[in-house]
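This is what each chain is made of:
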Amino acid sequence: MSETTASATPASTDFKPGSPNWVDVASNDKEASKAFYTGLFGWTANDLGEEAGGYVMFELDGAAVAAMGGTQEGQPPAWSLYFDTTSADETAAKVTEAGGKVIAPPFDVLGQGRMAVFQDPTGAFFSVWQKSVMPGMGKLGEPNTFGWCELNTRDVEAAAGFYAKVFGWSAHRSQGSQDGVPYTEWQLDGKSFGGAMDMSNTPIPADVPPHWLVYFNVTDIDASTAKVPGLGGKGMMGPEAYPGGKFSVVAEPSGAAFGLMQSSEG
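Note that the structure is a prediction, hence the values are computed from the model and not measured.

The rules behind these values
Residues numbered from 1 in each chain as written. Predicted model: local features only at pLDDT ≥ 70, side-chain atom pairs only at ≥ 80, totals over all residues. Heavy atoms only, no water. Buried < 20%, exposed > 50% of the residue type's maximum accessible area, 1.4 Å probe, protein only. Helix = DSSP H or I, 4+ residues; strand = E, 2+ residues; numbered from the N terminus. Pairing = 2+ DSSP bridges. Axes fitted to C-alpha atoms, helices over the stretch in contact; angles between N-to-C directions. Salt bridge = Lys/Arg side-chain N within 4 Å of Asp/Glu carboxyl O.

Undergrad: Honestly, the pairing of strand β11 (residues 183-188) in this entry has me stumped. Any pointers?
TA: For a regular strand, side chains alternate in direction, first toward one face of the sheet and then toward the other. Counting buried positions along β11 yields six of six residues, so the element is predominantly enclosed. Judged from the five bridges that link them, strand β10 (residues 170-174) and β11 form a sheet pairing that is antiparallel. Looking at the pairing, H172 lines up with E185 of β11. Bridge count for β11 against strand β12 (residues 191-198) is five bridges, and the pairing is antiparallel. Within β12, the residue paired with L188 across the bridge is K191. Counting the residues that bridge the hairpin from β11 to β12 gives two residues, and of these D189 lies at a positive phi of roughly 55 degrees.

Undergrad: I would appreciate a short explanation of the sheet that holds strand β13 (residues 211-217) in the present structure.
TA: Reading across the sheet, the eight strands line up as β10-β11-β12-β9-β13-β16-β15-β14 and stay open at both edges, with mixed pairing between neighbours. Strands at the two margins of the open sheet, each flanked by one partner only, are β10 and β14 (234-242). Adjacent strand axes in the sheet meet at a mean angle of 25 degrees, parallel and antiparallel pairs treated alike. Direction of pairing for β13 relative to strand β16 (residues 257-263): parallel, over a ladder of three bridges. Across the sheet, residue Y215 finds its bridge partner in β16, namely G259.

Undergrad: Can you help me understand the sheet that holds strand β1 (residues 20-27) in this one?
TA: Strand pairing in a sheet takes place through backbone hydrogen bonds and is either antiparallel or parallel in direction. One open sheet accounts for eight strands, arranged β2-β3-β4-β1-β5-β8-β7-β6; its pairing is mixed. Whereas interior strands pair on both sides, the edge strands pair on one side only; in this sheet they are β2 (44-47) and β6 (101-109). Averaged over neighbouring strand pairs, the angle between their axes works out to 25 degrees when direction is ignored. The pairing of β1 with strand β4 (residues 63-70) spans four bridges and is classified as parallel. Following the sheet pairing, D24 is matched in β4 by A67.

Undergrad: Explain the pattern of salt bridges here, please?
TA: Side chains bearing opposite charge may pair, as long as their charged atoms lie close to each other. As enumerated under the stated definition, the model contains eight salt bridges in all. The shortest N-O distance in the salt bridge between D189 and K16 comes to 3.4 Å. Here K16 lies in the segment before β1 and D189 lies in the loop between β11 and β12, a separation of 173 residues in the sequence. By relative accessible area, which is 62% here, D189 ends up exposed. Between K34 and E31 there is a salt bridge; the shortest N-O distance is 3.5 Å. With a gap of three residues between them, K34 and E31 both fall in helix α1 (residues 30-41), about one helical turn apart. For E31, a relative accessible area of 56% translates into the label exposed. Salt bridges sharing partners connect three or more residues here, namely D89, D108 and R114.

Geometric values such as these leave the question of function open.
Following this line, the structure appears as structure tokens:
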């Protein structure tokens, strides 16, 4: 994020295939996480009950913006990123052909849609959502909603080739910030919606695996970041300036990391 010049994702829920359309977090302390997110973002939490496996829908002004589930055995707390697809089954075939792995084959979700979980060739996990009843995020690109996603990997070139084959993304590479570290922006139809960082050029420890990082928009990143410890979370990086505004990386009480971003464009 420190090298990108892109601003927040525009507010829209008319998802193009291949674009981010949903995010959820797996927590090993759902009550603590629920209090954290409602306190930080002003979300309301709607527990969908046992039929939905205890899935909690986070809403802002009545619109679904994210969700939370419990962790499975051996699963670390983390945010998951979903991309829109018209066919989860066809995407699964493309993932395999492009050198990725199918972690959870496509399956139906309570009549709301169809999903699958994959791993790209560099090691990062991601999911797809094929909408039926539930289209995905009801708000994004606004304060306290999804704004950006960033792939942290040690092989940006391999990732670019993979996602181009699976989703048709193009990779726009810039020189980066004053330190000259290159930054890659993922684009659909010429519009940026996310980016990629080479983890080898960052302070990220060598034992941290490649991963997608989810960012949420805020209106005052200094105030929001300062609020995190009082809600049981912790700051990990920043706030720091980037050409399009400021960002920080924080962790919620269960340990799941995510980013905050404030665009200089308002």
